[in-house]
Amino acid sequence: MASAAAAGAPPGPAAPKSRKSVTGTRRTVAALFLLPALVLLGALVVYPIGYSVVRSFYNASGDGFAGLDNYKALFTDDGIRTALKNNIIWVVFAPTVSTALGLIFAVLTERVRWGTAFKLVVFMPMAISMLAAGIIFRLVYDQDPDKGVANAVWVGVHDTFAQSSAFPKAHPGRDSPLKADAGGFITSAPVHVGQPVTLPLVGVAPDQMPDGAKKAVAAGAEPGKVTGTTWQDFTRGKGVGKLGSPDPSEPGYAGMRIEAVKDGKVVASAEAAGDGTFTLPASADGALLRLPASNFKEPYNGVDWLGPALVTPAVIGSYVWMWAGFAMVLIAAGLAGVPRELLEAARVDGANEWQVFRRVTVPLLAPVLAVVVVTLMINVLKVFDLVYIIAPGSSQDDANVLALELYRKGFAEGQPGIASAIAVFLLLLVIPVMLFNIRRLRREVRR
Amino acid sequence: MTATAGRIGKVTPTDTAVRARQSWAARITGRLSGGLVRFFLLLVGLFWLVPTIGLLISSLRAPEDMSMSGWWQVFAKPSQLTFDSYQKLLENGDITSSLVNTVLITVPATILVVVIGSLAGYAFAWMEFPGRDWWFLGVVSLLVVPVQVALIPIAELFGKLGLFGTILGVILFHVGFGLPFAVFLLRNFFAEIPRELLEAARLDGAGELRLFTRVVMPLGGPAIASLGIFQFLWVWNDMLVALVFTKSGSQPITVALQTQVRQFGNNIDVLAPGAFISMVIPLAVFFAFQRQFVTGVMAGAVK
């Protein structure tokens, strides 16, 4: 709004006291110039406002007066309540996050030579449709970490810090010495020093085998140690390979964790080598060997971005992607007007960069920041396309916003009365800004 | 950028003082934090580009490859790149005719807003009639009215007038909602035209219409360009209005693509190239007219 005036009108010399017509216009001429605009505005903007207000007091079919019923629905209808709740989240977070990022970018780009290129990149999403942005982010948020870039990065980071398990589907085969135990597997009989143990499992797909897996080798006996092998006891083809002992074609479970358990307490642990062999100290003598559950967890699959819980923040993220550039450019324009001497003076007085930013730059920019936040708040109230496109059918109810609910009620559910009430509600929310615009302009117009 | 430019411009006494006081240690930490800033901005820039690059590459891969692996695998196998999806898309009659519809809606809606808005803007700026400023304020107050308010009433109105489902209806709607901003922007710009210019033209015997077409419109060039670009992109990128007011024959590209989103994943070979084609014109406008684009978007953001 203030921005609109600042950006739209060129800074000219102060206008003369009154811009009296230079032509001594006849009123009919003026009327002719204005007529097309006023007719269209009247029919397409003013009339609908009046109509919506009236319509909001009538029932669905429009032939019965409904009093305030439609407005009551605003607070009782589940869909609308979710929409209201989400709109509040939107109005609080989307403008502030966009503005905060815009501020940071605007301040930092002043310090690099390629600041203009950076601004171009961040501002570019403003040019494209919300539909295109929606499709772009539908791809980004794809649940499958092999397809969606958000989850690919997330899983990558996660797996760097938390070890992923390697054998999700492994289980004991026929006549196995192992039995299920708390999500993992445990030997039925205690193990002893000098008697090599076999811990065979089956069911790991060949392409899921860890990279370090080598041909399984039967462990030899070692004095004073418990030794053994854990491997995939399965050879393709009937009757090929011997059950219960490693065959040449069978890979070892490289990296499998093994615990020796006595009376429920872990007394020793080891990790299998590439060929599936492992060695435990003598303290494991007489213990049961367990392959703990952590070996068999499903691999970490990332975050369900578009699921019911996260869909609204995810869509807000795509909005920030589109609008942070807007905030950045407006704030950068404001920043260009901040006198450099003030910043330098603060630095000379010993303020560090953070203090200069916090105590000088931000307060000086406060009016611009306020304009950006308010502009974005109005903008956010009308968000429709992004939610409609990004939220999949299964979680669209959870991502609902007023503008979307208006469309649904009005055009899918045959509830134009309630939809009109939502429209009037949206209009009421922007009226303060409307009044602010008029007050500010009245001063400018009356020069 | 501006900071260095400003400083090179005039070296103030404080500047020299600052430089003298900076120890070399301070200068090294300055360098380091400078490197950190560059690294951070580089990362953010990448972050901002990746989604769009993802769409572009996705549109250039076969659907079989897309269902197997992420688009970034293309860096390992550049041979996967193919224009097949685009070729198929351009043979798809629904998509091509919806692209034509987008043009048929956008061009008239832009021209009409510029012409009608200029006429009214000029009248508000330089003509005299009772209540002029109040009328103008009335128009400007409509600037923030959400389009959603008009969907249901206009749908019923168009239904009665036989405009529902027609391209003309969509154009009219966009003109109506484009006008408050157009009048606001142009009136303010026209009001800054020096009075002497208009008086001189008047003395030369120019009538009101001639004054408007020969003096006011040419002088208003920059504002008209900003407005035109803003309105063009607004209409081109619109989905909601077209979703409500068009039928299958009059759909623009946004609506045609929207109908495909429901089977997202199965038809990425339509969605990705379709979305990219719909972005090409706005992006070209953006890169060709950055200045006017920024002015227009900045000024019209309240819409």
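Residues numbered from 1 in each chain as written. Chains lettered and ligands numbered in written order. Predicted model: local features only at pLDDT ≥ 70, side-chain atom pairs only at ≥ 80, totals over all residues.

Undergrad: Honestly, the overall build of chain A in this entry has me stumped. Any pointers?
TA: Per the secondary structure count, chain A includes 14 helices and eight strands. Going through the 447 residues of chain A one by one, you find that 43% of them count as buried. The contacts of chain A with a sequence gap of at least 6 include a subset with a gap of at least 24, amounting to 71%. (Helix = DSSP H or I, 4+ residues; strand = E, 2+ residues; numbered from the N terminus. Buried ≥ 20, exposed ≤ 12 C-beta atoms within 10 Å, placed from the backbone. Contact = placed C-beta atoms within 7 Å.)

Undergrad: Sorry if this is basic, but what is going on with the overall build of chain B here?
TA: A count of helices and strands for chain B gives 16 helices and zero strands. Per-residue burial for chain B yields a buried fraction of 46% across its 303 residues. For chain B, the proportion of contacts with a sequence separation of at least 24, taken over those separated by at least 6, is 73%.

Undergrad: Quick question: what am I supposed to make of the sheet that holds strand β7 (residues 277-280) of chain A here?
TA: Strand pairs in the sheet, formed through backbone hydrogen bonds, run parallel or antiparallel to each other. Residues and elements named next belong to chain A. The three strands are arranged β3-β4-β7 in an open sheet whose pairing can be described as mixed. Each end of this open sheet is capped by a strand with a single partner; those strands are β3 (197-201) and β7. Adjacent strand axes in the sheet meet at a mean angle of 25 degrees when their direction is disregarded. (Pairing = 2+ DSSP bridges. Axes fitted to C-alpha atoms, helices over the stretch in contact; angles between N-to-C directions.)

Undergrad: Whenever I open this one, the environment of Val 115 of chain B confuses me. Can you help?
TA: Residue and element names in this part refer to chain B. Locating Val 115 in the fold gives a position in helix α6 (residues 93-126). On the basis of neighbour count, Val 115 is assigned to the partly exposed category, with 16 C-beta atoms found within 10 Å. In sequence terms Val 115 and Trp 134 are 19 residues apart; their C-alpha atoms lie 22 Å from each other.

Undergrad: How should the interface of chain A and chain B be read in this particular structure?
TA: Think of interface size as the accessible area that goes away when the parts come together; that is how it is often given. With 103 residues of chain A at the interface, the matching set in chain B holds 100 residues. Ranked by residues supplied to the side of chain A that touches chain B, first place goes to helix α2 (residues 27-55) of chain A with 17 residues. In terms of residue class, the side of chain A that touches chain B is made up of 68 nonpolar, 17 polar and 18 charged. (Nonpolar A, V, L, I, M, F, W, Y, C, P; charged D, E, K, R; others polar.)

Undergrad: When you look at the sheet that holds strand β2 (residues 184-187) of chain A in this model, what are you seeing that I'm missing?
TA: Residue and element names in this part refer to chain A. The strand order across the open sheet formed by five strands is β1-β2-β8-β5-β6, and the pairing between neighbours is antiparallel. The two strands at the open ends of the sheet, each matched to only one other strand, are β1 (178-181) and β6 (265-271). Recorded for the sheet is a direction-independent mean angle of 30 degrees between the axes of neighbouring strands. With six bridges joining them, strand β5 (residues 257-262) and β6 adopt antiparallel strand pairing. Residue pairing for β6: Ile 258 is matched across the bridge by Ala 270.

Undergrad: Whenever I open this one, the domain arrangement of chain A confuses me. Can you help?
TA: What the domain assignment reports for chain A is domain 1 (73-162 + 303-447) and domain 2 (178-295). Using only C-alpha atoms to locate each centre, domain 1 of chain A and domain 2 of chain A end up separated by 54 Å. (Domains from an automatic or database assignment.)

Undergrad: In this structure, what is going on with the confidence of the model for chain A? I would like to understand it.
TA: Predicted coordinates in areas of low pLDDT are best not read in detail. Residues and elements named next belong to chain A. With 90% of its residues at a pLDDT of 70 or more, chain A shows a mean pLDDT of 81. When mean pLDDT is taken per element in chain A, helix α4 (residues 78-109) scores highest with 91 and helix α1 (residues 2-8) scores lowest with 38. Counting contacts from residues 1-17, a segment whose pLDDT is below 50, to residues more than four positions away or on other chains yields 31 contacts. (pLDDT = per-residue confidence, 0-100.)

Undergrad: Before we go on, may I ask you to explain the pairing of β5 of chain A in this structure?
TA: Where a strand is regular, its side chains alternate between the two sheet faces. All names here are of chain A. β5 sits mainly inside the fold: five of its six residues count as buried. Judged from the three bridges that link them, β5 and strand β8 (residues 288-291) form a sheet pairing that is antiparallel. Looking across to β8, one finds that Val 261 is bridged to Leu 288.

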